[in-house]
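# Analysis of the macromolecular model
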Amino acid sequence: MRWFGFREGQVLWTSKTSQLSVASAFLRDDGNLVLLNEMKDVVWQSFDYPTDTLLPSQRLSASSTLRAASKDDISSFYSLYMNVSGQLQLRWESSIIYWGSARPSHSNLSAVLTSAGSLQLVSPNLGPVWSVFGEDHNDTVSFRFLRLDVDGNLRLYSWKEDSQTWKSVWKAVEDQCKVFATCHQRGVCVYNASGSPVCTCPFHQTAQSNSNCLVSSNHDCKSMVEHNNMFLYGVYPVNDSISLTSLDQCKKMCLTDSSCTAITFTKDGSAKCSMMRTQYVTGYSDPSLSSTSFVKSCSDPVAVNPIIVPSKSPPQANTESYKICVPCLVGAASATFVVFVLIQLGIGFYVYKRRRNSYRRLASLAYSTPGSKYLIMLSFTEIKDLTGNFNLQIGPKMFKGALANNQPVVVKELEATIEARKLRAAVSKIGCIYHKGLVKLEGYCCELDHRYLVYEYAKNGSVDKYIEDSTLAERLTWRKRMEICLSVGRAIFYLHTECREFLCHGNLKCENLVLDEDFEAKLNEFGLGMLYGEASSHRASAEKDVEDFGKIVLTLVSGLREVNDVLDWAYKEWMDGHPENVVDKRLKDEVDAEELERALRIAFWCLQIDERVKPSMGEVVKVLEGTLPVDPPPPPFTCWRSPREEDESSELGSEVV
């Protein structure tokens with residue numbers, strides 16, 4: 001038995017307890033929903049799976065997360081995270097921490113909301129080691145809860161009997177404008193006359209801004225608009241460069257840097273210059289701020305008539321009559337028509353060439369620097385131009401191409417039957433994902449029956465060819481193999497938990513691991529399951545990624561590609577105390593015994609048949625980092641299915657091809 005949540009026939013949530021012999025459900029007075037078996041033992045409880053809210057006595061343990069409610073069907077950027085050191089952190093997109101609790105010197109802490117109205121970090125042995133209190137702490141209050149609101153602020157609420165309303169009695173960030181990206185793409189946060197935070201757009205909005213408040217993307221801007229008492233910062237991505245310099249030098253650096261869009265100069269005891277290189281700029285403004293911001297501005301020229309002819313008095317009408325020359329009129333009309341047609345053709349050809357060249361300039365601009373933030377939609381003609389008419393094939397339906405600035409890219413051909421709607425929806429999600437362990441999607445083509453994806457080029461090719469080739473395998477040292485395992489683990493963990501919404505890879509294998517020019521591993525072709533309707537089940541997708549990751553680890557350790565054929569042997573060697581026998585014989589005497597033990601243990605855990613005991617990717621990463629101990633895994637292979645049986649069980653999910 002398992003419990004479901006429905007909306008219009010769609011499953012929104014399930015307890016995933018169909019294998020736990022659930023006999024009954026019980027909603028406790030504290031708000032905890034528990035599922036019981038025949039022996040009345042608790043086999044599942046909602047308190048173990050918090051969403052955006054904590055109730056009194058509910059605990060948030062280390063590495064757990066609260067995420068603000070979704071808005072417009074998009075997962076929130078805001079989360080409350082309890083790190084392994086026991087510190088509570090409010091985060092935006094997992095990379096920006098804009099509030100944190102005290103850093104306790106104790107371990108094994110958990111966060112708990114008390115019925116008296118305090119949020120505490122509690123040690124099992126010492127009790128509370130850190131606390132914050134609501135303004136009605138210790139008052140008689142019937143109901144309380146702690147919630148991470150959609151605006152990114154963490155608040156404690158109490159029920160007021162007299163007004164029959166919920167009242168906020170504490171919040172983590174006192175100044176809402178200081179919540180990172182509180183206005184997102186809607187401008188700058190200010191307080192209105194009534195003292196409420198509002199978002200205003202002090203920048204010039206163009207027709208292309210789609211109602212978002214964006215700064216100019218024109219790289220030729222040579223003037224700047226000053227905004228006093230304003231602090232700005234960039235998002236998408238967050239990569240402001242900060243230097244200590246003078247105001248004049250700060251402005252000069254921006255004006256001479258074509259990628260700079262805005263600067264903020266702070267005079268709070270140190271002359272700090274913060275430079276932004278993105279259109280997506282936000283921030284806050286207050287009369288008390290000592291910061292001054294400057295935003296690049298481009299003034300469009302006003303078209304004027306260079307020849308101004310003074311008006312003259314009309315000549316006096318001549319009363320003398322003239323004869324009409326019909327052949328002259330016909331000739332003049334014909335000549336006028338021909339000239340008109342030629343002008344129209346010339347204008348049409350000019351517009352066509354200019355539009356075509358503008359696309360090329362846009363593509364070249366977007367790809368001109370690493371980490372470009374633009375996802376470009378290309379025509380099929382441009383795809384042919386990039387690839388030299390598909391002249392250099394580097395893999396199945398994969399072609400190497402070069403942009404106008406000679407920057408190499410890889411073009412992947414997709415099935416022509418993929419719906420345009422699905423492709424655009426997929427690339428809109430994949431294209432905004434930035435992680436050093438993931439190959440960046442640069443652009444796409446969705447024109448008629450042509451479907452292509454354009455990726456950044458990885459100079460050293462796939463890991464698979466290094467496993468196959470004995471000569472190349474020497475470059476995959478033990479240290480590099482462990483680095484690849486950790487890099488891939490972190491990338492998958494990022495896709496599963498730290499993107500705006502869950503995203504699985506779905507086709508994780510050595511062929512989709514590539515090495516860039518610095519020989520750093522990157523994961524390719526992630527998220528393509530969305531094109532084939534295979535990303536609906538989060539749990540099944542996550543478990544498949546975990547299983548495939550275990551196979552990759554075993555492949556990198558052993559140097560053997562057919563993992564299913566060596567699984568039992570590898571496990572037996574490890575159990576017999578000879579893990580070194582599993583190691584690729586092409587490696588020299590350089591294997592770290594502790595790393596080998598961790599790698600084999602976590603690989604065997606990932607390959608467990610019982611899905612309930614498989615680790616999450618977060619746990620996998622911690623084990624590989626050496627920050628989390630891992631128990632010896634049991635034999636996972638007693639019920640191991642052959643590839644043939646796996647193919648016959650299509651209802652369990654299929655790989656993306």
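This write-up is about the structure you can find in this document. Because the structure is predicted, anything quoted here is derived from the model rather than measured. (Residues numbered from 1 in each chain as written. Predicted model: local features only at pLDDT ≥ 70, side-chain atom pairs only at ≥ 80, totals over all residues. Heavy atoms only, no water.)

What the protein contains, in helices and strands, is 12 helices and 34 strands. Of all 657 residues assigned to the protein, the portion counted as buried reaches 44%. Within the protein, contacts between residues at least 6 apart in sequence are counted, and of these 56% link residues at least 24 apart. Surface accessibility of the protein: about 35,800 Å² in total, with carbon and sulfur atoms responsible for 53%. (Helix = DSSP H or I, 4+ residues; strand = E, 2+ residues; numbered from the N terminus. Buried < 20%, exposed > 50% of the residue type's maximum accessible area, 1.4 Å probe, protein only. Contact = heavy atoms within 4.5 Å. Areas by Shrake-Rupley, 256 points an atom, 1.4 Å probe, with all protein chains shown as cover.)

This part is about the packing of aromatic side chains. Considering all chains together, one arrives at 19 aromatic pairs under this definition. Centroid distance Tyr 571 to Phe 604: 5.2 Å. Interplanar angle 80°. Geometry classified as edge-to-face. Of this pair, Tyr 571 sits in helix α9 (residues 563–575) while Phe 604 sits in helix α10 (residues 593–606); the two residues are 33 residues apart in sequence, bridging distant segments of the chain. Overall, Tyr 571 belongs to the buried group, its relative accessible area being 8%. Each residue in the set Phe 77, Trp 92, Phe 180, Phe 231, Tyr 233 and Tyr 284 is aromatic and connected to the rest through ring pairs, giving one cluster. (Phe/Tyr/Trp six-rings, centres within 6.5 Å; stacked < 30°, edge-to-face > 60°.)

Once that is clear, we can look at the state of the cysteines. The term disulfide refers to a covalent linkage connecting the sulfur atoms of a pair of cysteines. Applying the stated criterion to the full structure yields five disulfides. Through a disulfide, Cys 183 is tied to Cys 199; the S-S separation comes to 2.0 Å. Its S-S torsion of about -95° marks the bond between Cys 183 and Cys 199 as left-handed, since a negative value means left-handed. Here Cys 183, found in the loop between β17 (165–171) and β18 (188–191), pairs with Cys 199, found in strand β19 (residues 197–200); they are 16 residues apart in sequence, far enough to count as distant. A residue is classified by how much of its surface remains accessible, and Cys 199, at 29% relative accessible area, is partly exposed. For Cys 254, the disulfide goes to Cys 260, at an S-S distance of 2.0 Å. Because the sign of the S-S torsion sets the handedness, a value of about -95° for the bond joining Cys 254 and Cys 260 places this disulfide among the left-handed ones. You can call Cys 260 buried: its relative accessible area is 2%. With no disulfide partner, Cys 445 has as its closest neighbouring cysteine sulfur the one in Cys 446, 7.2 Å distant. Residue Cys 445 is classed as buried on the basis of its relative accessible area of 0%. (Disulfide = S-S within 2.5 Å.)

Here four bridges tie strand β22 (residues 241–244) to strand β24 (residues 271–276), and the two strands are oriented antiparallel to one another. Looking at β24, one finds that Ser 241 is bridged to Met 275. Pairing between strand β23 (residues 262–267) and β24: six bridges, direction antiparallel. Note that in β24 the partner of Lys 267 across the bridge is Ala 271. Hairpin connection from β23 to β24: three residues lie between these consecutive antiparallel strands, with Gly 269 at a positive phi of about 105°. (Pairing = 2+ DSSP bridges.)

What follows covers the nonpolar core. Leu 423, Leu 453, Ile 484, Phe 549 and Val 557 are the most contacted members of the largest nonpolar core, which has 73 residues in total. The leading source of residues in this core is helix α7 (residues 478–498), at 10 residues. Each of domain 3 (376–456) and domain 4 (462–625) accounts for three or more of the residues forming this core. The residues touching Phe 549, leaving out its near neighbours within four places in the chain, are Cys 485, Val 488, Gly 489, Leu 508, Cys 606, Met 617, Val 620 and Leu 624. (Core = buried A, V, L, I, M, F, W, Y, C linked by side-chain atoms within 4.5 Å. Domains from an automatic or database assignment.)

Moving on, we come to the pattern of salt bridges. The tally for this structure, following the rule as stated, stands at 26 salt bridges. Two residues, Arg 147 and Asp 149, come together in a salt bridge whose shortest N-O distance is 2.4 Å. A relative accessible area of 28% places Arg 147 in the partly exposed class. Taking the shortest distance from any N to any O, the salt bridge between Asp 464 and Arg 561 comes out at 2.9 Å. Here the residue Asp 464 occupies a position in helix α5 (residues 463–468), and Arg 561 occupies one in the loop between α8 (538–558) and α9, the gap between them amounting to 97 residues. (Salt bridge = Lys/Arg side-chain N within 4 Å of Asp/Glu carboxyl O.)

A separate point is the sheet that holds strand β6 (residues 53–54). The strand order β6-β15-β16-β17 describes an open sheet built from four strands, whose pairing is antiparallel. Unpaired on one side and paired on the other, β6 and β17 mark the two borders of the sheet. Here six bridges tie strand β16 (residues 154–160) to β17, and the two strands are oriented antiparallel to one another. By the bridge assignment, Trp 159 is partnered in β17 with Trp 166.

The next point concerns the sheet that holds strand β14 (residues 127–133). Spatial strand order, β7-β12-β13-β14: four strands in an open sheet with antiparallel pairing. Two strands close off the open sheet at either side, each with one partner strand: β7 (59–61) and β14. On average, adjacent strands in this sheet sit at an angle of 20° to one another, irrespective of strand direction. When strand β13 (residues 118–123) meets β14, the two strands line up antiparallel, connected through six bridges. If you follow Gln 120 over to β14, its bridge partner there is Ser 131. (Axes fitted to C-alpha atoms, helices over the stretch in contact; angles between N-to-C directions.)

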